[in-house]
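# Summary of the model geometry
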Amino acid sequence: AFQFYAGDFLSDINVQLMTMAQRGIYITLLANEWIEGELPNNLVKLKVLCGNPVDFETDWEAIKHCFVVEDGKLVNNLLTLSLSKDHL
């Protein structure tokens with residue numbers, strides 16, 4: 001489990017600018033990152049992790065700035081910070 005602050009999530013400008021489909025992809029990827037510790041830096045694999053949505057490539061373009069590449073894998077800096085605190 002990870003802490004999820006609904007107010008922070010919904011008030012985040014990045015989230016406010018997302019469609020509902022993009023929000024679903026974003027939270028699904030955050031949950032997968034929490035479980036695995038990182039995400040593959042591979043569009044096909046990300047799409048599969050999200051259930052193969054039809055417009056994934058377009059939606060990914062709108063949310064990819066929420067993730068960074070570290071050691072060849074994708075991570076969300078806010079979630080990574082939370083991971084570090086919870087696993088000390």
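Rules used throughout
- Residues numbered from 1 in each chain as written.
- Predicted model: local features only at pLDDT ≥ 70, side-chain atom pairs only at ≥ 80, totals over all residues.
- Heavy atoms only, no water.
- Helix = DSSP H or I, 4+ residues; strand = E, 2+ residues; numbered from the N terminus.
- Salt bridge = Lys/Arg side-chain N within 4 Å of Asp/Glu carboxyl O.
- Buried < 20%, exposed > 50% of the residue type's maximum accessible area, 1.4 Å probe, protein only.

## Here we look at the environment of Leu79
Turning to its location among the elements, Leu79 is positioned in helix α6 (residues 77-86). C-alpha of Leu79 to C-alpha of Leu30: the two residues are 49 residues apart in sequence and 7.3 Å apart in space.

## Describing the pattern of salt bridges
Applying the stated criterion across every chain yields a total of two salt bridges. Notably, a salt bridge pairs Lys47 with Glu57, separated by 3.6 Å at the nearest N-O pair. With Lys47 in helix α4 (residues 43-49) and Glu57 in helix α5 (residues 56-63), this residue pair connects regions lying ten residues apart in the sequence. Classification of Glu57 by relative accessible area gives partly exposed; the value is 37%.

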